[in-house]
Amino acid sequence: MKKLVYAFSLLMLVATILTSCREKKTAGEKIQDGVEEVGDGIGDAVNNTVDKVDDAVKE
């Protein structure tokens, strides 16, 4: 029974440590991530447009 209590206590300790170590982003970091996502989306749209234009010209 003691081993079960120790194992459960160790499991709870590990879970607490892993949960409390999460990195929190500041507002500036969230904004920067959003801007980067928008930039990536624009880049993808440009690449798709170029590919479609190339395909249309080849036909």
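Our subject is the structure that appears above.
Read on for an overview of the structure. Note that the coordinates shown come from a computational prediction; the quantities given were computed from them, not determined experimentally. (Residues numbered from 1 in each chain as written. Predicted model: local features only at pLDDT ≥ 70, side-chain atom pairs only at ≥ 80, totals over all residues. Heavy atoms only, no water.)

## Some remarks on the overall build of the protein
Counting secondary structure elements, the protein contains two helices and zero strands. In terms of C-alpha radius of gyration, the protein reaches 25 Å, well past the compact-globule figure of 10 Å for 59 residues. Projecting the C-alpha coordinates of the protein onto the three principal axes gives extents of approximately 75 × 30 × 5 Å. In the structure as shown, the protein presents an accessible area of about 5,700 Å², 64% of it carried by carbon and sulfur atoms. Side chains of the protein carry 8 positive and 11 negative charges; the gap between the two charge centres is 21 Å. (Helix = DSSP H or I, 4+ residues; strand = E, 2+ residues; numbered from the N terminus. Rg over C-alpha atoms; globule rule 2.2 N^0.38 Å. Areas by Shrake-Rupley, 256 points an atom, 1.4 Å probe, with all protein chains shown as cover. Lys, Arg positive; Asp, Glu negative; His and termini not counted. Charge placed at Lys NZ, Arg CZ, Asp CG, Glu CD.)

## What about the pattern of salt bridges?
All chains considered together, the criterion is met by one salt bridge. Put simply, aspartate 33 and lysine 25 hold a salt bridge, and the shortest N to O gap is 2.5 Å. The exposure class assigned to lysine 25 is partly exposed, which follows from its relative accessible area of 48%. (Salt bridge = Lys/Arg side-chain N within 4 Å of Asp/Glu carboxyl O. Buried < 20%, exposed > 50% of the residue type's maximum accessible area, 1.4 Å probe, protein only.)

## Let's talk about a negative patch on the surface
Side chains of Glu36, Glu37, Asp40 and Asp44 sit close together on the surface and give a patch of like negative charge. Note on placement: aspartate 40 falls in helix 2 (residues 27-58). (Patch = residues over 30% accessible without salt bridge, like charges linked within 9 Å, V, L, I, M, F, W, Y side chains within 5 Å.)

## Comments concerning a nonpolar patch on the surface
Taken together, Leu10, Leu13, Val14, Ile17 and Leu18 make up a surface patch of nonpolar side chains, about 490 Å² in accessible area. For valine 14, the position within the fold is in helix 1 (residues 2-20). Residue class for valine 14 comes out partly exposed when judged on its relative accessible area of 40%.

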